[in-house]
Amino acid sequence: MLRYSPEVEAACGRGAAVVALETTILSHGMPYPQNIETARALERIVREAGAIPATIAVLDGSIRVGLDDAALERVARAPMLKLGRADLAYAIAARKDGATTVAATMDCAALAGIAVFATGGIGGVHRGAEQTMDVSGDLDALATAPVAVVCSGAKAILDLSKTLEQLETRGVPVVGYRTDEFPAFWSRSSGLRLSLRLDAPQEIAALIAAQRALGSRTGIVVANPISPEDEIPAEEMERHIRTAIAESAAAGIAGKALTPWLLERLLTLTSNRSLRANIALVRANAHLAAEIAVALSS
Ligand code: PSU
Ligand code: MN
């Protein structure tokens, strides 16, 4: 069921530094060819920092841990399922292709023995969840899969304060990397304070080791804010987010389709600036994740 690339298998076998990467961000979060360029860039960045990249997807019903270039191209180009936790067994049993979300990637990384994972932003509690009950499965995965997720917070299309409350309820540590604030994905600032902060990859590796020593099965959110040069100011982004959410409600978009729909609409509303910011932050997260994985393996 789990098919490692030879390189990732060897790296896992000798306890070398490995960084998991997800594929929903490529298949459902970015247009072609920016998605394939980003996928290749992330792998290069992880390698340059001394770790081995393990991009994860389901292809022909196998969980692939480490994709070659042909497989990356297939994920970036061919329309395929968006696999959350609820869909993973189906994709395997029915021999489908699918891109894994943060939640499904965490499950696969945990199965594969990979402790560090880089992405853009986690899913969370959607705005208006008091009516719709739309809460991303990413939060439950963070509560039950022992993987550290390096991200730029949760996407600001969400209700960030409710998302933080739910992470706290589930016992998931949310650590600010060189920040005291929960980042807002495209913007550095959300106005929400974090109680945990660490300033070096070695300190985060020590936190992961301590969680393990405790026998904790909980994940960790490592919140790495977008760089000041790449951010879109929060007030400006908020205007576009409100427009996009109002339009999605009018168009009756819900469920799994909502996050990809909003991301694509924001790309148009910001004339591609949201995409550029998204690419910049996920690259920075891949770099930090590799530094953490290297510290953890040494
Ligand atoms: N962040 C991005 N683009 C994305 C996602 C996150 O910049 O496409 C994806 C992730 O894979 C995340 C998923 O797990 O959106 C959450 O979807 P939902 O809200 O349907 O759980
Ligand atoms: Mn949802």
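The preceding data block contains the structure.
Figured I'd write up the structure that's included with this text. Along each chain, residues carry numbers from 1 onward, in the same order as the chain's sequence is written. A letter from A marks each chain and a number from 1 marks each ligand, given out in the order of writing. A pLDDT threshold of at least 70 governs which residues receive local features in this predicted model, and a stricter bar of 80 or more applies before side-chain atom pairs are shown or counted, although totals over entire chains, interfaces and linings include all residues. Note: side-chain values were computed over all heavy atoms of the structure, leaving out hydrogens and water.

All right, on to the overall build of the chain then. Numbering of helices and strands runs from the N terminus, with a helix taken as a DSSP run of H or I at least four residues long and a strand as a DSSP run of E at least two residues long. When its secondary structure is counted, the chain shows 13 helices and 11 strands. For the radius of gyration, the atoms used are the C-alpha atoms, and the globule rule reads 2.2 Å times the number of residues raised to 0.38. Taken over C-alpha atoms, the radius of gyration comes to 17 Å for the chain, in line with the 19 Å a tight globule of 298 residues would show. Partly exposed residues are those whose accessible area sits between 20% and 50% of the maximum for their type, while under 20% is buried and over 50% is exposed, using a 1.4 Å probe and protein chains only. Counting only residues that meet the buried cut, the chain has 55% of its 298 residues in that class. For this analysis, residues touch if any pair of their heavy atoms sits within 4.5 Å. For the chain, the proportion of contacts with a sequence separation of at least 24, taken over those separated by at least 6, is 74%.

What follows deals with the packing of aromatic side chains. We describe a pair of aromatic rings using the distance from one ring centre to the other and the angle between the two ring planes. Side-chain rings of Phe, Tyr and Trp (the six-membered ring for Trp) are treated as a pair once their centres are within 6.5 Å; stacked means planes under 30 degrees apart, edge-to-face means over 60, and tilted covers the remaining angles. Scanning the model with the defined rule gives one aromatic pair in all. When the centroid spacing of 4.8 Å and the interplanar angle of 90° are considered together, the rings of Phe-185 and Trp-186 count as edge-to-face.

Turning our attention to the pattern of salt bridges. Each salt bridge in this description consists of a side-chain nitrogen of Lys or Arg and a carboxyl oxygen of Asp or Glu lying within 4 Å of one another. If you walk through the whole model with that rule in mind, you get 18 salt bridges. Ionic pairing is found between Asp-69 and Arg-40, a salt bridge with its closest N-O pair at 2.9 Å. One end of the pair, Asp-69, is in helix H4 (residues 69-77); the other, Arg-40, is in helix H3 (residues 34-48), with 29 residues separating them in the sequence. Taking relative accessible area as the criterion, Asp-69 reaches 40% and is therefore assigned partly exposed. The closest approach of N and O atoms between Lys-256 and Asp-87, which form a salt bridge, is 2.9 Å. With Lys-256 in the loop between helix H11 (234-250) and helix H12 (258-269) and Asp-87 in the loop between strand S5 (81-83) and helix H5 (88-93), this residue pair connects regions lying 169 residues apart in the sequence.

Position of Thr-101 relative to the elements: it lies in the loop between strand S6 (98-100) and helix H6 (102-112). The residues contacting Thr-101, other than those within four sequence positions of it, are Glu-22, Thr-24, Lys-82, Leu-83, Gly-84 and Asp-138.

On to the site of ligand 1. Around ligand 1 lies a shell of 16 residues, among which Glu-22, Lys-82, Val-102, Ser-136 and Asp-138 are the nearest. Under the rule applied, a polar contact is a pair of N or O atoms within 3.5 Å (in protein, one hydrogen donor and one hydrogen acceptor; residues adjacent in sequence only if both atoms are side-chain atoms). Within the backbone of Val-102, an N or O atom sits 2.8 Å from an oxygen atom of ligand 1. Within the side chain of Lys-155, one N or O atom sits 3.1 Å away from an oxygen atom of ligand 1. For ligand 1, the accessible surface in isolation is 480 Å², of which the surrounding protein chains cover 94%. If you list the elements that add at least two residues to the shell around ligand 1, you get helix H2 (24-27) and H12. Throughout, near means a residue has at least one heavy atom within 4 Å of the molecule or strand. For accessible areas, the Shrake-Rupley method is used with a probe of radius 1.4 Å. Any residue's cover is judged against the shown protein chains and nothing else.

Attention now moves to the packing of H3 against H4. To get an axis, fit a line to the C-alpha atoms, keeping to the stretch in contact for a helix; angles then go from 0 to 180 degrees between the N-to-C directions. As a packed pair, H3 and H4 sit with axes 9 Å apart at the nearest point and diverge in direction by 140°. On the basis of their axis angle, the class for H3 and H4 is oblique. By crossing handedness, the relation of H3 to H4 is classed as right-handed. Note on element contacts: H4 touches H3 through Asp-69, Leu-72, Glu-73 and Ala-76, opposite Asn-35, Ile-36, Ala-39, Arg-40 and Glu-43. Relative orientations are named as follows: roughly parallel for angles under 35 degrees, roughly antiparallel for angles over 145 degrees, roughly perpendicular for angles from 65 to 115 degrees, and oblique for any other angle. In this scheme the crossing of two helices becomes right-handed for a clockwise turn of the near helix relative to the far one and left-handed for an anticlockwise turn of less than a right angle.

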